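# Structural features, examined
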Amino acid sequence: MSFSTRSEHQPDTDPATSEAPAADTTAEGEKTAAISTDTDPNTDSDTTDAVGTATAADTDKAEATTEAPTETAADTDTATATETADEEDAEKAAEESVAADKADAEEATAGPGDPGGDDGGDGTADKPPTDEVPGPSRPGWRGWRIRYPLAARIVAWTTTVLAAAFVLAGLLVPTNLDLLTPRAFAHIPLEAVLGAAVLLVLPKWPRLVAAALGGLTIGALAILNMLDMGFKQYLGRGFNIVLDWPLFADAESFLQDSVGRTGAILTAIAAVVAVVLVLVLMTLAVIRLSNLMARNTAVSTRTTLVLGTAWITCTALGLQVAGEPVASKSTVSEAKDRVERVDQTLKDEAVFAKETKKDNFAALPGDQLLTGLRGKDMMFTFIESYGRSAIEDPIMAPGVDATLTSATAKLKKAGWGSESGWLTSATYGAGSWLGHSTFMSGLWISNQQRYRTVMASDHMPLTDAFRRTGAWETVGVMPGVQKGWPEGKYYGLDRIYDSHKLGYKGPKFSWSTMPDQYTLKAFERLEHGKKHAKPLMSFLILTSSHNPWAPIPKTIPDSQVGDGSVYDGIEKAAKRPTDVWKQTDQVRAEYGKSIQYSVTSLIDYVIKYGNKNTVLVFLGDHQPIAKVSGNHASRDVPVAIVAHDPKVLDKIADWHWTDGLQPAHDAPVWKMSSFRDRFLTAYGSQPTAP
């Protein structure tokens, strides 16, 4: 009904009575206007107009009531109902406006260009992010992104940049420590371009799975590359994923002896945590980058095309940075190389098993073996880590060379002669047992698989050749053996003295269980100084020059050696590994001192306790690690034969070795595996036809 119709039919009323409805109507109009005013400016215009219209109508209605005091009660009720409906519509519109503002705030914080967005990369959002967020803060721990949008964007972009850098580093990390420089990462990795192309064409869930698998693969390959660094530094070769896992147990044992049990446990825990972190973080990094690409498909596609074109161009033009190609495919090449090495390793086992069955001396009867050494007391002695670098490195050589020159002079004065040359070891930096077995067996034992194979074979080692003659008793002195040593059976040793059977009561010197001087003194007491029905053939391992070359024992008078307890004070006063390893030159200097100590202990023993029938063959098992020997050092070790009887040295005249204990730089160099056959032949053993 119109207001004009209502006015025409109003009955007369008392003015006092008409004022109350007018006041009520005015209050209702103000309330509705207040609701409309509180609504956000972004509220839909139609809703605002509706609220405004209702308010205007209420005002007109109030004026009409005042001017026409004769309005009926029925008309008043109708107006009130209309006002209430308009009120509810206005409140509903206001609530919808607030909800819309909340949604806009969340979308602004994690918009399409935000690398930290959580939309899963569906690419549906297209609004740019804003710094000002209207509406109340979102509850929960993630509400900070709404409260601090600028900080959220900074964190998101920083995290994305770090993720990209981490993936790039994983793809380009080198396998050699001396190549780990900033220029190693100045390349365009082909794997990144191809990976981005694949992720761009995949739908959401297959993309996430591919990203996760890709991240795990990159992380695993990066870890293997870092293992290569360590193995090349210590063993002069890369990590063999088939054979080298047992070496970690030896590394843990070495750490216990060097830094204590607690230090070894903490180091092992840190290593495991580092591996897990690399795998997890690399996976999360690739997933994050894949989500970013999915949210920005157009930009990501253009970037991938540009990088792919740049890679092809750099490859075609042969562009380089500091001698290295800008276009890199190192990860693919290294993965291929690892697969080939695994295949080669598996094939090598069968090939080497056949080699162990070929032995031109095994069929000889005992009375035809080593006829030129009958009646001689033989000593085969290894000096730990005694390598060519000890004699030729500018830092270590002066002291070691002076020791060798002095020892040669003392031997000559006492009526001894000596000849020396070079052997190329099958191992480097560590793995002494590989050097021992290569020298004794005449086979190239360059890995743990070959070592296990030869130890289980019937291939005759040099030590067993003496036993087969029936003319010698065979003894092993192994101060470095602290557990069971079944290899003694292969070597044909009648008696074995490990670290527990030598009677030592003194302290350990890092990894070395006892000083070399004590080891030799114990050998004299337990075996060499006793009367025997037959000469002795002794296999000795001296360990005082073992890594980490601190603390180092000192030479003391033989009369003071006793049970070794005298070394307590010497060990406490000596340098610690943590002191020595701060500088490379200091490590090299201490290594040189350890070699001097071992050589001095051995030559002093021979001069004092040897006789006219004593023959000493001593050599190094391998070079020291690259930190000491250098990154490009050879695998050569010195070898010498010392004898009181000149006829012993006459038999090797055609070897053309150097007179004295210090081999000349150009002295003959043989593979260590060739020594056994040369030695057997020189001293009366004639090989049978193959």
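To be clear, the structure that these remarks concern was listed above.
Reading guide: rules and limits
Residues numbered from 1 in each chain as written. Predicted model: local features only at pLDDT ≥ 70, side-chain atom pairs only at ≥ 80, totals over all residues. Heavy atoms only, no water. Helix = DSSP H or I, 4+ residues; strand = E, 2+ residues; numbered from the N terminus. Buried < 20%, exposed > 50% of the residue type's maximum accessible area, 1.4 Å probe, protein only. Contact = heavy atoms within 4.5 Å. Areas by Shrake-Rupley, 256 points an atom, 1.4 Å probe, with all protein chains shown as cover. 1 Å grid on protein atoms, 1.4 Å probe; cavity = no way out; pocket = protein on both sides within 12 Å on 5 of 7 lines; lining within 4 Å. Points joined across faces, edges and corners; volume = space filled by probe spheres on them. Nonpolar A, V, L, I, M, F, W, Y, C, P; charged D, E, K, R; others polar. Patch = residues over 30% accessible without salt bridge, like charges linked within 9 Å, V, L, I, M, F, W, Y side chains within 5 Å. Salt bridge = Lys/Arg side-chain N within 4 Å of Asp/Glu carboxyl O. Axes fitted to C-alpha atoms, helices over the stretch in contact; angles between N-to-C directions. Parallel < 35°, antiparallel > 145°, perpendicular 65-115°, else oblique. Left-handed = near helix turned anticlockwise from the far one by under 90°. Core = buried A, V, L, I, M, F, W, Y, C linked by side-chain atoms within 4.5 Å. Expected span 1.5 Å × (residues − 1). Phe/Tyr/Trp six-rings, centres within 6.5 Å; stacked < 30°, edge-to-face > 60°. Lys NZ or Arg CZ within 6 Å of the ring centre and 35° of its normal. Lys, Arg positive; Asp, Glu negative; His and termini not counted. Polar contact = N/O pair within 3.5 Å; in protein donor to acceptor, adjacent residues only side chain to side chain. Pairing = 2+ DSSP bridges. Arc of directions from axis to C-beta.

A few words on the overall build of the protein chain. Scanning the protein chain from terminus to terminus reveals 24 helices and 13 strands. Looking at the 690 residues of the protein chain, the share that counts as buried comes to 47%. The contacts of the protein chain with a sequence gap of at least 6 include a subset with a gap of at least 24, amounting to 76%. Accessible surface computed for the protein chain: about 32,900 Å², of which carbon and sulfur atoms make up 60%.

Turning next to empty space enclosed by the protein. In total, this model carries three cavities of 30 Å³ or more according to the counting rule given. Computed from the structure, the largest cavity encloses a volume of approximately 50 Å³. Every residue lining the largest cavity is listed: Phe239, Asn240, Ile241, Arg338, Arg341 and Val342. Broken down by class, the residue content of the lining of the largest cavity amounts to three nonpolar, one polar and two charged.

On the surface, Ile265, Leu266, Ile269, Val272, Val273, Val276, Leu277, Val280, Leu281 and Leu284 cluster together to form a nonpolar patch covering roughly 870 Å² of accessible area. For Val273, the position within the fold is in helix 9 (residues 247-295). On the basis of relative accessible area, Val273 is assigned to the partly exposed category, the value being 42%.

Relative placement of two packed helices is described by the angle separating their axes and the distance separating the axes. At a minimum axis distance of 10 Å, the contact between helix 7 (residues 190-201) and helix 10 (residues 297-317) shows a crossing angle of 150 degrees. With respect to their mutual orientation, helix 7 and helix 10 come out roughly antiparallel. Note on packing geometry: the crossing formed by helix 7 with helix 10 is left-handed. Of the residues in helix 10, those in contact with Leu190, Val193, Ala196, Ala197 and Leu200 of helix 7 are Ser300, Thr301, Thr304, Leu307, Gly308 and Trp311. Here the contact of helix 7 with helix 10 is built from residues that sort into seven nonpolar, four polar and no charged.

Our next topic: the nonpolar core. Counting 51 residues, the largest nonpolar core has Phe618 and Leu661 as its most contacted members. A per-element tally of this core places helix 21 (residues 584-609) first, with nine residues. Ignoring any residue separated from it by four or fewer positions in sequence, one finds Phe618 in contact with Thr381, Ile383, Tyr386, Leu602, Ile603, Pro638, Val639, Ala640, Val642 and Leu661.

Turning next to the environment of Lys508. Among the secondary structure elements, Lys508 is positioned in the loop between strand 8 (495-498) and helix 18 (516-528). Sequence-wise, Lys508 and Asp257 are 251 residues apart; in three dimensions their C-alpha atoms are separated by 8.2 Å. Excluding its chain neighbours within four sequence positions, the residues that come into contact with Lys508 are Asp257, Gln482, Thr513 and Glu571.

Let us look at helix 6 (residues 149-172). Along its 24 residues, helix 6 runs 35 Å from first to last C-alpha, staying within 8% of the 34 Å computed at 1.5 Å per residue. Among the residues of helix 6, those classed as buried are Pro149, Ala152, Arg153, Ala156, Thr160, Ala163, Val167, Gly170, Leu171 and Leu172.

Right, let's get into the layout of surface pockets. Where empty space is left in the structure can be found by rolling a water-sized probe over the atoms. Here the second largest pocket is characterised by a volume of approximately 1,000 Å³. In this structure, the second largest pocket is lined by 37 residues; those nearest its centre are Val167, Ala192, Val193, Ala196 and Leu289. Only helix 6, strand 1 (188-189), helix 7, helix 8 (204-235), helix 9, helix 10 and helix 11 (330-356) provide two or more residues apiece to the lining of the second largest pocket. A class-by-class count of the residues in the lining of the second largest pocket yields 25 nonpolar, eleven polar and one charged.

Turning to the packing of aromatic side chains, a few remarks are in order. Applying the stated criterion across every chain yields a total of 27 aromatic pairs. For the ring pair Phe523 and Tyr605, a centre distance of 6.1 Å and an interplane angle of 50 degrees mean the geometry is tilted. Pair noted here: Phe523 is in helix 18 and Tyr605 is in helix 21, with a separation of 82 residues, a long-range link. Of the two residues, Phe523 and Tyr605, neither departs from the other in class, the shared state being buried. Looking at Lys204, its charged tip hangs above the ring of Trp205, at a distance of 5.4 Å from the centre. Note that Lys671 overlies the ring of Trp444, its terminal NZ or CZ placed 4.2 Å from the centroid.

Attention now moves to the side chain of Glu524. Examined against the element boundaries, Glu524 turns out to sit in helix 18. Although Glu524 is buried, it forms no salt bridge, and the closest oppositely charged side chain is Lys521 at an N-O distance of 7.6 Å. There is a polar contact of 2.6 Å between the side chain of Glu524 and the side chain of Tyr605.

Moving on, we come to the pairing of strand 9 (residues 536-542). Judged by how many residues are buried, strand 9 sits mostly within the fold: seven of seven residues are covered. Neither face of strand 9 is exposed, since Leu536, Ser538, Leu540 and Leu542 on one face and Met537, Phe539 and Ile541 on the opposite face are all buried. Where strand 5 (residues 377-383) lies against strand 9, six bridges are found, and the strand directions are parallel. Paired with Ile383 across the strands is Leu542, a residue of strand 9. Strand direction decides the pairing type here: strand 7 (residues 473-478) and strand 9, joined by five bridges, are parallel. The residue of strand 9 that forms the bridge with Thr474 is Met537.

This paragraph deals with unusual backbone geometry. Going from Asn547 to Pro548, the amide bond is cis rather than trans, its omega being 20 degrees. Structurally, Pro548 can be placed in the loop between strand 9 and helix 19 (567-573). In this structure, the amide linkage connecting Ala550 to the following residue, Pro551, adopts the cis form with an omega of -5 degrees. With respect to the element layout, Pro551 can be found in the loop between strand 9 and helix 19. You will see that Leu370, though not glycine, has its phi angle at about 55 degrees, which is positive.

Scanning the entire structure with this criterion turns up 20 salt bridges. Between Lys608 and Asp558 there is a salt bridge, with the nearest N and O atoms lying 3.3 Å from each other. Remark: Asp558 occurs in the loop between strand 9 and helix 19 and Lys608 occurs in helix 21; sequence separation between them is 50 residues. In this structure Lys608 comes out as exposed when scored by relative accessible area, which is 51%. The salt bridge partner of Lys593 is Glu590, with a shortest N-O separation of 3.2 Å. With a gap of three residues between them, Lys593 and Glu590 both fall in helix 21, about one helical turn apart. Taking relative accessible area as the criterion, Glu590 reaches 6% and is therefore assigned buried.

The next subject is helix 13 (residues 397-413). For the α-helix, the turn length of 3.6 residues means that residues three or four positions removed from each other point alike. Here helix 13 is 17 residues long and its end C-alpha atoms lie 24 Å apart, about the 24 Å a rise of 1.5 Å per residue gives. What helix 13 keeps buried is the set Ala397, Val400, Asp401, Thr403, Leu404, Ala407 and Leu411. Along the long axis of helix 13, the arc covered by the buried residues comes to 155 degrees, so they all point the same way. Exposed side chains of helix 13 directed beyond 90 degrees from the buried face belong to Pro398 and Lys413. For helix 13, the elements touching its buried residues are helix 12 (388-392), helix 21 and strand 11 (636-643). A positive phi of about 90 degrees marks Gly415, the residue just after helix 13.

Spatial relationships are all this shows, so hold off on functional conclusions.
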